[in-house]
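# Fold and geometry: a report
Each chain is listed here by its residues.
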Amino acid sequence: MTEITSKRSDAITKGAAKAPARAMLRGAGFTDEQMAQPMVAVVNTWSTVTPCNMHLADLAEPIRQGLRENGATPVDFNTIVVSDGITMGGEGMRASLISREIIADSIELAVKGHSLDAAVILVGCDKTIPAAAMALARLDIPGLVFYGGTIMPGRLDGRDLSIQDVFEAVGAHAKGDMSDAELDKVERAACPGAGACGGQFTANTMAMALAMMGISPMGSGDPPATDSAKRVEAARCGRLAAKLAKEGTSARTFLTPASIRNAATAVVASGGSTNAVLHLPAIAAEAGFAFPIETFDELSRSVPVITDLKPGGRFLARDLYAAGGVPLFGKRLADAGMLEDTPTVTGDSLFVELARAEETPGQQVVKSPADPVKATGGLSILYGDIAPEGAVLKTAGYGAASFEGPAKVFEGEEACFAAVNANQIQAGDVVIIRYEGPSGGPGMREMLAVTAALAGQGLAGKVALITDGRFSGASHGFVIGHCSPEAAKGGPIALVEEGDIIRIDAETRRIDADIDWDARRAAHTPRPPNSMGGVFDKYARLVSSAAYGATTIPPVTE
């Protein structure tokens, strides 16, 4: 067993002056032996509010057991979660992205405040995953992230369901294609128990990304939440965290430009969530370097989509696990020369981990770069008149390279959703939803309620949607988010008027309009800030552009 000569927790456990701290620890049940060992934070995002995180308290015990087996002492903390699925389409969604910063901040405070030696962070719902990596990058201590796993599919009339089906059923119901009773059946069947939303939505996208960047043990996130293998993986994470703590191997060993590029490659090749374009630059910024959003565009030109996963494809995360999981997917990319070998928290390099992949015969979920699902990647970064700092186009599942049509302009999500439900959006329209950016929202809400309602009406891919807000990983269609600068900061999206002809060209990576921009700006009256008080106003003052990850630390540009 590795001998520890000094550790961070000595600051609260050694010396006569620390007698009060030791007395408090003894009162909490810690022994001399436990205080002499590395003290490892077990940070949990457990909550009963969402299936994504409701099981994480149960998974904490095998992590503690793994820590103890390898000579480390677990110290438990909890932090928050805001459920995207529950808050979607309402004012509560403004709290979602803000919660990423609060989670990272609270982990930093608890771990640094108590001088702990390492951390294992249990995550589930969307923002908890990047927040955990951001915290470890900021603290630069030994640690890892353990993902609680995907939900199993719901079943109705012989077909698999996910939460995506519920949102799209709302659109079909509004159109008159689905009765109240049919909608109720979908609602009741979609979420059968614990686990994060089941497609290649934001949670599963980011869990895959963290495995590819080496800060989550390869394969640990793959088993579904209710699979018996999940507790086995939890115990392994505890043992690995104890080893990292004793070796002193800190998070920035793994969080490097090369590893985050690997993660971005995985996002592109899996048709993953556009939210990764916010989260990976934010993780990089916390690690002290820039990760330009242009990287996603560069990768999308050379890296194909090789998984047939929802929302654009046929299969769910449970099916990916059954096919061979993230290791099989990663091996396909590595074999094609699309990844760089980097260290991981297991002690083995990424390529060594991927070489252990086992493919299930006959699986149809993972293809190869030589025989892809789609020849180019799932994300493009667009610029032009309307997005001088960039915007993100999700292209997975849709072959259209361009779109042109009249603008239908809405000041916020609610107005647009009402128009969709009133069947006021027609094929060929370019829907503009503005004042939903990081500062102007505040909180950069996801537009899943709108995109799903459009999909439910058969308009996915037939309508373009542009917003300074963002999209759920479950959104699909010709959707463009993160339009920067945002409307509240005077971005050109604020100057677009009803009926303006908008041209979107995915090949040249531009969004343009024939508008006299100088005249429009001269006549423009800025909209007052949407003051909500408290943490919302604090965030609105601090947050950076979506082009830099919408962080509340100063943006890193080099």
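Residues numbered from 1 in each chain as written. Predicted model: local features only at pLDDT ≥ 70, side-chain atom pairs only at ≥ 80, totals over all residues. Heavy atoms only, no water.

### Quick word on the environment of Arg68
Along the chain, Arg68 falls in helix α4 (residues 56-69). Arg68 gets classed as partly exposed once you look at its relative accessible area, which sits at 45%. The spatial distance from the C-alpha of Arg68 to the C-alpha of Ala235 is 10.0 Å, given a sequence separation of 167 residues. Side chain to side chain, Arg68 and Glu61 meet in a polar contact 3.5 Å long. (Helix = DSSP H or I, 4+ residues; strand = E, 2+ residues; numbered from the N terminus. Buried < 20%, exposed > 50% of the residue type's maximum accessible area, 1.4 Å probe, protein only. Polar contact = N/O pair within 3.5 Å; in protein donor to acceptor, adjacent residues only side chain to side chain.)

### So, the nonpolar core
Counting 109 residues, the largest nonpolar core has Leu210, Met213, Ile215, Leu280, Ile283 and Phe296 as its most contacted members. By residue number, the principal contributor to this core is helix α7 (residues 128-139), which donates nine residues. Sequence-distant contacts of Leu210, defined by excluding residues within four places in its chain, comprise Ile129, Ala133, Val145, Ile215, Ser216 and Ile283. Core analysis: the second largest hydrophobic core is formed by 28 residues, Val430, Ala464, Ile480 and Val496 among them. (Core = buried A, V, L, I, M, F, W, Y, C linked by side-chain atoms within 4.5 Å. Contact = heavy atoms within 4.5 Å.)

### Some details on the pairing of strand β12 (residues 478-484)
Strand residues, when the strand is regular, have side chains that alternate between the two faces of the sheet. The buried fraction of β12 amounts to seven of the seven residues, a majority that puts the element mostly inside the structure. Judged from the four bridges that link them, strand β8 (residues 390-394) and β12 form a sheet pairing that is antiparallel. Across the sheet, residue Lys394 finds its bridge partner in β12, namely Val479. Both strand β11 (residues 464-467) and β12 contribute to a ladder of three bridges, which runs parallel. If you follow Ile466 over to β12, its bridge partner there is Ile480. (Pairing = 2+ DSSP bridges.)

### Focus on the UniProt feature "binding site: [2Fe-2S] cluster" (unreviewed entry) in the protein
The UniProt record marks Cys52 with the feature "binding site: [2Fe-2S] cluster" (unreviewed entry), using the residue numbering of this structure. Setting aside anything within four residues of it in sequence, one finds Cys52 in contact with Gly124, Cys125, Gly195, Ala196 and Cys197. (UniProt positions renumbered as here; feature names shortened; annotations may be inferred.)

### Observations regarding the sheet that holds strand β2 (residues 73-78)
Pairing between the strands of a sheet is mediated by backbone hydrogen bonds and can be parallel or antiparallel. What the four strands build is an open sheet, ordered β2-β1-β3-β4; its pairing is parallel. Each edge of the open sheet carries a strand with a single partner, namely β2 and β4 (143-147). Each neighbouring strand pair of the sheet contributes to a mean axis angle of 20°, computed without reference to strand direction. (Axes fitted to C-alpha atoms, helices over the stretch in contact; angles between N-to-C directions.)

### A few points about the side chain of Arg445
With respect to the helices and strands, the residue Arg445 is situated in the loop between β10 (430-433) and α19 (448-456). Looking at Arg445, its side chain comes within polar contact range of the side chain of Glu436, at 2.5 Å. If sequence neighbours within four positions are ignored, Arg445 has contacts with Gly90, Glu91, Met93, Arg94, Glu413, Glu414, Glu436, Gly469 and Arg470.

### Some thoughts on the sheet that holds β8
Strands sit in the order β7-β8-β12-β11-β10-β9-β13-β14 across an open sheet of eight strands; the sheet is mixed. Every other strand in the sheet has two partners, leaving β7 (379-382) and β14 (510-513) as the edge strands with one partner each. Within this sheet the neighbouring strands show an average axis-to-axis angle of 25°, counted without direction. The pairing of β7 with β8 spans four bridges and is classified as antiparallel. Looking at the pairing, Leu379 lines up with Lys394 of β8.

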